[in-house]
Amino acid sequence: MRTYSGHSNAKKSNELYRTNLAKGQTGLSIAFDLPTQTGYDADHELARGEVGKVGVSVAHKGDMHTLLDGIPLGEMNTSMTINATAMWLLSLYIATGDENGVDQAELSGTTQNDILKEYLSRGTYNNVPKWNPINICSYHLQEAGATPVQEIAYAMSNAIAVLDAVRDRGEVPEDEFHKVFGRISFFVNAGIRFIEEHAKLRAMGRIWDELGRDRYGVTDEKMRRFRYGVQVNSLGLTESQPENNLQRIVLEALAVTIGRDARARALQLPAWNEALGLPRPWDQQWALRIQQVLAFETDLLDYPDIFEGSKVMDGLVDELVQGAKAEMAVVEEHGGAVNAVPYMKAALVESNSRRLGRIESGEQIVVGQNKFASTEESPLTADAEGGIMTIDPEVERELIDEVRKWRSERDQAAVDEALAALADAARDDSINLMPLSIAAAKAGATTGEWSATLRDVFGEYRAPTGIGDAAVTVDDVVLAGLRERVEQVSDQLGRRIKILIGKPGLDGHSNGSEQISVRARDCGMDVVYDGIRLTPAQIANSAVQEGVHVVGLSILSGSHMELIPNVIEALREAGVDVPVVCGGIIPEADAPKLIEAGVARVYTPKDFELNRIMGDIIDLVAAKAGATAVA
C-alpha cells in the first residue's frame, strides 16, 4: 500500500514519508520534481518555475540522505517513478544505503526506467538482487489515450524490445536468462470501465506467460508470473465536481484487487483533488484509507478467484488477447518498439482524439462534466487555497542556494575524476555504467552534472509529437462551421491563421497540447508545435520566425505563474504582439492573475469542448487584426 508523494525539498518530503508510514503505508513511492526527472539542477534555466512543484528535488547524495533519514532501507520496498535519470537516482539510493551500513542485497524496490514510454506519452525521458531494474509502464499509455488493446500491445512490445536487447548482447548465460525475465515488472493503469480493466489485466498475464514460455524459453512458472503494480487512473479525474473522483478511485481500485488470479502486487491511489492541483497530506491519507478499508474491512481477500469460469470475463479476455496480438504484430512490422515509436505515438494521439470527441459530443458520459453538471458548492474546495497544497515560491530559491553551496564545499577534483570516468565508459557500449554512476554519486556529483555528462556523449532525443501522422477524427457540423470561419478570417488576413502551441519548462504531459494542435489543424489553421521542454526565449523566437497570429501555452506542472508571464515578457521583447491563451492545471484563483499578466483566455480541464476553444481563438485573431468572422 503506497501513496505517490513528495514535494518541495528532501526535509519536508521525509517528514511526509514518516507520517504516511506511521498511518499504515507499507512502502514508499517517491515523486521527484521535473528537474530531477529530466536531469537538471535547480539553477538551470530549464528548471525555472519547476523546482519542487510536482515532486521532491534531489540533486545529490546529501539530498537523498535527508530524504531517507530515519527510514529503514533494509526493510523498505521503495518505488521510484523515475525514467531518464533512473540509473542516477538508484545510484544515489545505493550510495545512501552503503554509507548508512545497509547491505545492498537488502535493498528492495523498483525504478521505472521505461524510456520508450516516456517518448510515447510522458516526456521525462547489478549488485542489488531484490531490485527490479525496469518497470514497463503502461500507465501513461492509457493517460495518453490508449485503448485497452493498445495499452497491452505497446507495453508488451516495449518489454520485448528490452528483453531482446539484453539477450542479443550475449552477456547473460542462456541458462540464467529466466532470472532477467523474472525481474521485469509492470506499472499498469486501471480506468473507470471496471469489467474491461480487470479483463485487460488477465489478458496481460496470459500474453506475458506465453512470451516467457514461447519466445524466451522460461520453464519456471514462477518466473513467468505477471508482476505488476497499479496507480489507478488520473485521466478520468475531473475538476468539475471533484468529489465524484472518490467513487471513481474506489471502483478503479476494485478492478485490480477483486480477482485473486489477476491481483496487483502493489497499489497506489491518487487523491480526489489531483485534477485541481497538489494534494495535501490529509488528501493522501484519504487515498490510503480507501486501500485499508478494502483490505481489512471488506471480504475482498477472503475468496478464490471470483471470475473463474465466467463466460463474460473469459470472452472479453480472449477478445483483448487477440486484439493485442494483432497490434503487436503491427509493431513488429514497423521493426519493433524502438523503430515503431512514431507509429505508436500517432496511434495514441488518434485514440485520445476519438476519446475527447466522444466526451465533447456527449456519447461518452462524464458525470458532473458533460451530464448532471448542476451542483452545490463543494465544501472540500471552499478554503482559501481551493482544497489543494501550494508550494512556497521561496523553495526554489532555497534549493538553488543549497545546490550551489553543495558544489562549493565538495571535493571538486574527485567529482571531476568520477564524471570523466563515466564519460569514458559511456563511449564504450560494453561497459556497465551503474558502478561508475554509484562512484560519481559517492564523490558528490549532482543530478545535472551526471545528466550533462551523458548528454555530451549520447546527445539529446526529441520525441515525435504524433500530430503530423494522426488522422482527422472529428467531422461534424460545428467543425465545418469553424473551418468556414477560419477561411473567412484567413482571407482577410491575407494568409492562413497560424497558431503556435508552446510547452515552456519541463512539463512532459503533452496530451492536451497535442489535442489542441490536432483540432486546430482540423479547423484549417496552420499549426506550429515543436513538442515539449522549451524555454520562453525559444517560444518567442519561434513566434517571430513563424509569424504566428496567436500563441497557446500548456502547463500542467503548477509552474504557470512563473513561466507564462516569462513567455509573455519574452514575446514582448521580441516584438510579438499577438493574443496569448493558456491551459493546464490552473487553480481558479490564479486565472485573474494570468489575465492581468496579459493572457487573453485561461482554460482548465473543465473546458473539455475543444470546438468552443477553437471558436474563441478564431475570435481573438479576428479581433486583433480588425477582421470579422461570421459565427
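Only a predicted model underlies this, so the values are computations on that prediction, with no experimental measurement involved.

Draft legend 1. Seen up close, the overall build of the chain. Across its full length, the chain carries 23 helices and 14 strands. Relative to the globule expectation of 25 Å for 631 residues, the C-alpha radius of gyration of the chain, 24 Å, shows essentially globular dimensions. Oriented by its inertia axes, the alpha-carbon framework of the chain measures out at about 70 × 65 × 50 Å. In the chain, which comprises 631 residues, the proportion classed as buried is 57%. Carbon and sulfur atoms provide 51% of the accessible area of the chain, an area that totals close to 25600 Å². Here the chain carries 62 positive and 93 negative side-chain charges, and the mean point of each set is 2 Å from the other.

Draft legend 2. Fine view of the nonpolar core. Met-156, Phe-186, Met-204, Trp-208, Tyr-228 and Val-230 are the most contacted members of the largest nonpolar core, which has 64 residues in total. In this view, Trp-208 contacts Met-156, Ala-159, Leu-163, Phe-181, Ile-184, Phe-186, Arg-224, Arg-225 and Phe-226; residues no more than four positions away in its chain are not counted. Of all hydrophobic cores here, the second largest spans 40 residues; its members include Ile-30, Ile-82, Ile-94 and Met-434.

Draft legend 3. Layout of the packing of aromatic side chains. On inspection of all chains with the given rule, the structure shows nine aromatic pairs. Arranged with centres 4.9 Å apart and planes meeting at 50°, the rings of Phe-186 and Phe-226 form a pair that is tilted. Of this pair, Phe-186 sits in strand S7 (residues 185-190) while Phe-226 is found in the loop between helix H9 (194-215) and strand S8 (228-232), placing the two residues 40 residues apart along the sequence. As far as the burial class goes, Phe-186 and Phe-226 line up, both buried. Here the aromatic residues Phe-177, Phe-181, Phe-186, Trp-208, Tyr-216, Phe-226 and Tyr-228 are joined through ring pairs into a cluster of three or more. Over the ring of Phe-372 we find Lys-371, and its NZ or CZ is 5.2 Å from the ring centre. For the cation-ring pair, Arg-455 lies above Tyr-40, with the distance from its terminal atom to the ring centre recorded as 4.3 Å.

Draft legend 4. Geometry of the environment of Trp-131. Inspection of the secondary structure puts Trp-131 in strand S5 (residues 131-132). Overall, Trp-131 belongs to the buried group, its relative accessible area being 1%. Taking the C-alpha atoms as reference points, Trp-131 and Val-232, separated by 101 residues in sequence, lie 23 Å from one another. Dropping the residues within four chain positions of it, Trp-131 is found in contact with Thr-78, Met-80, Leu-90, Tyr-93, Leu-107, Ser-108, Gly-109, Thr-110, Thr-111 and Arg-183.

Draft legend 5. Seen up close, a negative patch on the surface. Together, Asp-392, Glu-394, Glu-398 and Glu-402 line one region of the surface with negative charge. Structurally, Asp-392 can be placed in the loop between helix H13 (341-361) and helix H14 (394-409). Classification of Asp-392 as partly exposed rests on a relative accessible area of 43%.

Draft legend 6. Fine view of the domain arrangement of the chain. Partitioning the chain into structural domains gives domain 1 (1-111 + 384-465), domain 2 (135-375) and domain 3 (474-630). Computed from C-alpha atoms alone, the centre-to-centre distance between domain 1 and domain 3 is 34 Å. On the side of domain 3, 19 residues touch domain 1, which itself brings 16 residues to the contact. With both sides pooled, the region where domain 1 packs onto domain 3 buries about 1400 Å², and carbon together with sulfur makes up 58% of that total.

Draft legend 7. Seen up close, the pairing of strand S11 (residues 526-529). Taken together, the four bridges between strand S10 (residues 498-502) and S11 define a ladder with parallel strand orientation. Looking at the pairing, Leu-500 lines up with Val-528 of S11. Regarding the hand of the β-α-β motif, the stretch spanning S10, helix H19 (residues 511-522) and S11 is right-handed.

Draft legend 8. Broad picture of the confidence of the model for the chain. Per-residue pLDDT for the chain has a mean of 91; in total, 96% of the residues score no lower than 70. Across the chain, helix H12 (residues 311-333) holds the top mean pLDDT of 98, while helix H5 (residues 115-122) sits lowest at 61.

Draft legend 9. Geometry of the sheet that holds strand S2 (residues 28-30). Reading across from one edge, S1-S2-S3-S4-S5 is the order of the five strands in this open sheet, with parallel pairing throughout. Every interior strand has two partners, whereas the edge strands, strand S1 (4-5) and S5, have only one. Contacts between helix H4 (residues 86-99) and the sheet are confined to strand S3 (77-80), strand S4 (108-111) and S5, with S3 contributing the most and set at about 150° to the helix.

Draft legend 10. Up close: the sheet that holds strand S12 (residues 550-555). With parallel pairing, five strands are arranged side by side in an open sheet as S11-S10-S12-S13-S14. This sheet does not close on itself; its edge strands, each paired only once, are S11 and strand S14 (601-603). Here the average twist between neighbouring strands, direction ignored, is 20°. Across three bridges, strand S13 (residues 580-584) lies against S14 in parallel orientation. Its bridge partner lying in S14, Val-581 is registered against Arg-601. Helix-sheet contacts for H19 involve S10, S11 and S12, and the interaxial angle to S11 is about 160°.

Thresholds applied
Residues numbered from 1 in each chain as written. Predicted model: local features only at pLDDT ≥ 70, side-chain atom pairs only at ≥ 80, totals over all residues. Heavy atoms only, no water. Helix = DSSP H or I, 4+ residues; strand = E, 2+ residues; numbered from the N terminus. Rg over C-alpha atoms; globule rule 2.2 N^0.38 Å. Buried < 20%, exposed > 50% of the residue type's maximum accessible area, 1.4 Å probe, protein only. Areas by Shrake-Rupley, 256 points an atom, 1.4 Å probe, with all protein chains shown as cover. Lys, Arg positive; Asp, Glu negative; His and termini not counted. Charge placed at Lys NZ, Arg CZ, Asp CG, Glu CD. Core = buried A, V, L, I, M, F, W, Y, C linked by side-chain atoms within 4.5 Å. Contact = heavy atoms within 4.5 Å. Phe/Tyr/Trp six-rings, centres within 6.5 Å; stacked < 30°, edge-to-face > 60°. Lys NZ or Arg CZ within 6 Å of the ring centre and 35° of its normal. Patch = residues over 30% accessible without salt bridge, like charges linked within 9 Å, V, L, I, M, F, W, Y side chains within 5 Å. Salt bridge = Lys/Arg side-chain N within 4 Å of Asp/Glu carboxyl O. Domains from an automatic or database assignment. Buried area = accessible area lost by both parts, 1.4 Å probe. Pairing = 2+ DSSP bridges. Right-handed = clockwise from strand over helix to strand, strands pointing away. pLDDT = per-residue confidence, 0-100. Axes fitted to C-alpha atoms, helices over the stretch in contact; angles between N-to-C directions.

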